[in-house]
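# Notes for the structure review
Chain residues, written in single-letter form:
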Amino acid sequence: MNSITQNHQDEKLLSKKMQVFFRRYQVSRILRAANAYKLRGVPVLSIFLLVFRMVFQQRSVYTQMHLQSAAMPFGKDTFYRFMNSCRIHWRRFTTELAAAIIHATLAPLTQADRINVLILDDSIYHRVRSKKVELLARFYDHAKKEFSYGFRMLTLCWSDGNTLLPVSHTLLSAENAKNHLRDGSQKADARSTGGKQRKLAQQKATEVMLLLQEAKATAIQARHVLFDTWFCSPASLLNIHGLGYEVVAMAKKTEKIHDLHFYALLRQQLENDGTIIDGVFQKDYEFKSPPAAADVVKGHSVNGNEAWKTGEGTKLKDL
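As a starting point, this report considers the structure included with it. All values reported here derive from a predicted model rather than from experimental measurement.

### Things to note about the nonpolar core
Core analysis: the largest hydrophobic core is formed by 50 residues, its most contacted members being F93, L118, L120, L156, W158, I220 and F227. Discounting chain neighbours no more than four positions away, the residues touching L120 are L154, T155, L156, M209, L211, L226, F227 and F231. Listed in part, the seven residues of the second largest apolar core include L270, I276, F287 and A293.

### Quick look at the pattern of salt bridges
Summed over all chains, the structure comprises five salt bridges. One salt bridge in this structure joins R152 and D122, with 2.8 Å as the shortest N-O distance. Linking R152 in strand β3 (residues 146-159) with D122 in strand β1 (residues 117-126), this pair joins segments that are 30 residues apart in sequence. Comparing R152 with D122 shows no difference in burial state: the two are buried. Of the charged contacts, one joins R198 and E134 as a salt bridge, the two residues approaching to 2.9 Å between their closest N and O atoms. Taken as a pair, R198 in helix α7 (residues 193-200) and E134 in the loop between β1 and β2 (137-141) lie far apart in primary sequence, 64 residues in all.

### Remarks on the side chain of T105
Considering the arrangement of structural elements, one finds T105 in helix α6 (residues 90-106). Polar contacts involving the side chain of T105 include one to the side chain of Y25, which spans 2.4 Å. Sequence-distant contacts of T105, that is, excluding residues within four places in its chain, are made with R24, Y25 and A100.

### Observations concerning the packing of helix α3 (residues 44-57) against helix α5 (residues 76-83)
Two numbers describe how α3 lies on α5: the axes approach to 11 Å, and their chain directions differ by 90°. Taken together, the axis directions place α3 and α5 in an arrangement best described as roughly perpendicular. Contacts between α3 and α5 involve V44, I47, F48, V51 and M54 from the former and T78, F79, F82 and M83 from the latter. Here the residues of the contact of α3 with α5 are counted per class, giving eight nonpolar, one polar and no charged.

### With respect to the packing of aromatic side chains
In total, this model carries 15 aromatic pairs according to the counting rule given. A centroid spacing of 6.3 Å and a plane angle of 80° characterise the contact between F281 and F287, whose relative ring orientation is edge-to-face. For the pair Y285 and F287, a centre-to-centre distance of 4.9 Å together with 65° between the ring planes defines the contact as edge-to-face. What links up through ring pairs into an aromatic cluster is the set F21, F22, Y25, F48, F52, F56, F82, W90 and F93. Looking at K216, its charged tip hangs above the ring of Y245, at a distance of 4.8 Å from the centre.

How each quantity is defined
- Numbers given for residues are sequential positions, taken from 1 along each chain in its written order.
- The model is predicted, so local features are restricted to residues of pLDDT at least 70 and side-chain atom pairs to those at 80 or more, both for listing and for counting; the totals for chains, interfaces and linings are taken over all residues.
- Hydrogens are left out, water is left out, and the side-chain values use all remaining heavy atoms of the structure.
- To define a nonpolar core, start from buried Ala, Val, Leu, Ile, Met, Phe, Trp, Tyr and Cys residues and group those joined through side-chain atoms within 4.5 Å.
- Burial classes: relative accessible area under 20% of the type maximum marks a residue as buried, over 50% as exposed, and values in between as partly exposed (1.4 Å probe, protein chains only).
- Whether two residues touch is decided by their heavy atoms; if any such pair falls within 4.5 Å, the residues are in contact.
- Any carboxyl oxygen of Asp or Glu that lies within 4 Å of a side-chain nitrogen of Lys or Arg is treated as forming a salt bridge with it.
- Working definition: helices are DSSP H or I runs of at least four residues, strands are E runs of at least two. Numbering for both runs from the N terminus.
- Polar contacts here mean pairs of N or O atoms no more than 3.5 Å apart (in protein, one a potential hydrogen donor and the other a potential acceptor; neighbouring residues in sequence count only if both atoms are side-chain atoms).
- Here an angle of 0 to 180 degrees is reported between the N-to-C directions of two axes, which are lines fitted to C-alpha atoms, with helices fitted over the stretch in contact.
- Under this scheme an angle from 65 to 115 degrees is roughly perpendicular, one under 35 degrees roughly parallel, and one over 145 degrees roughly antiparallel; angles in between are oblique.
- Any residue that is not Ala, Val, Leu, Ile, Met, Phe, Trp, Tyr, Cys, Pro, Asp, Glu, Lys or Arg is counted as polar, Gly included; the first ten are nonpolar and the last four charged.
- What counts as a ring pair is set by centres within 6.5 Å for rings of Phe, Tyr and Trp (its six-membered ring), and what kind of pair is set by the plane angle: stacked under 30 degrees, edge-to-face over 60, tilted for all other angles.
- Lysine and arginine charges are scored as sitting over a ring when NZ or CZ, respectively, is within 6 Å of the ring centre and within 35 degrees of the ring normal.

Laid out in structure tokens, this is it:
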């Protein structure tokens, strides 16, 4: 008589709990919304369930195939095609799944007056031994005080003070192409999710507000955004405030003082007294500096030496 091992019992229990989790939070629907659906062959949910289980079992697909080949109704090529697909929008999947968990489970347990927050942070994702990874870049690790190969991983989390839930993330390469060890693939269609992700990966971390916009679109309840000095700039604060969030952050050590509402209030005052009508100055008004004048005209903080140009297009700084 064959005995059933404890590992087998644990795997059955794990698989059962995952199926309950998938049904409760409608993972199949969220996968379809993220553009992960079956073209032919094995259902997408079957592949994803196996991937999900391997994470908790701390196994690679190679180990899974050798230990339980019968439990895999598809080959490794099917697995790799699924994981490397340029069609699937994984940020949308994780964001909508986090929203479903918050709305269905965490919100009913939380008092209405509790302040929920979104936390934005970045860290170095090391790939020291890699050589052929797309957009692999050279970074300076401020924690270790040394240069390293890898990516900057931008992560967005949600918290109510008791629970910390990951919402979304994106891997960022270096903005400067000189720091790239390998270029991005030219095979990916620029209109596809994979093509857009490659473009996003080459932007500055401080300019990537897309994660917050996607969280806002799923109606994740949060009043504040928390981050460190890396993201604390006037432009970032204005962009986040424009999404309807308040900001709690550590300001950079600088002698400059930025008042986010000063220039907007000054413009409103100038419009009220008739100095500005329909966006046009009706009379002369003296500003203390070119940046101050540019800020009032634009309505937010800008570089006045870059913004002001002559009729021929020459910038103020070049005069």
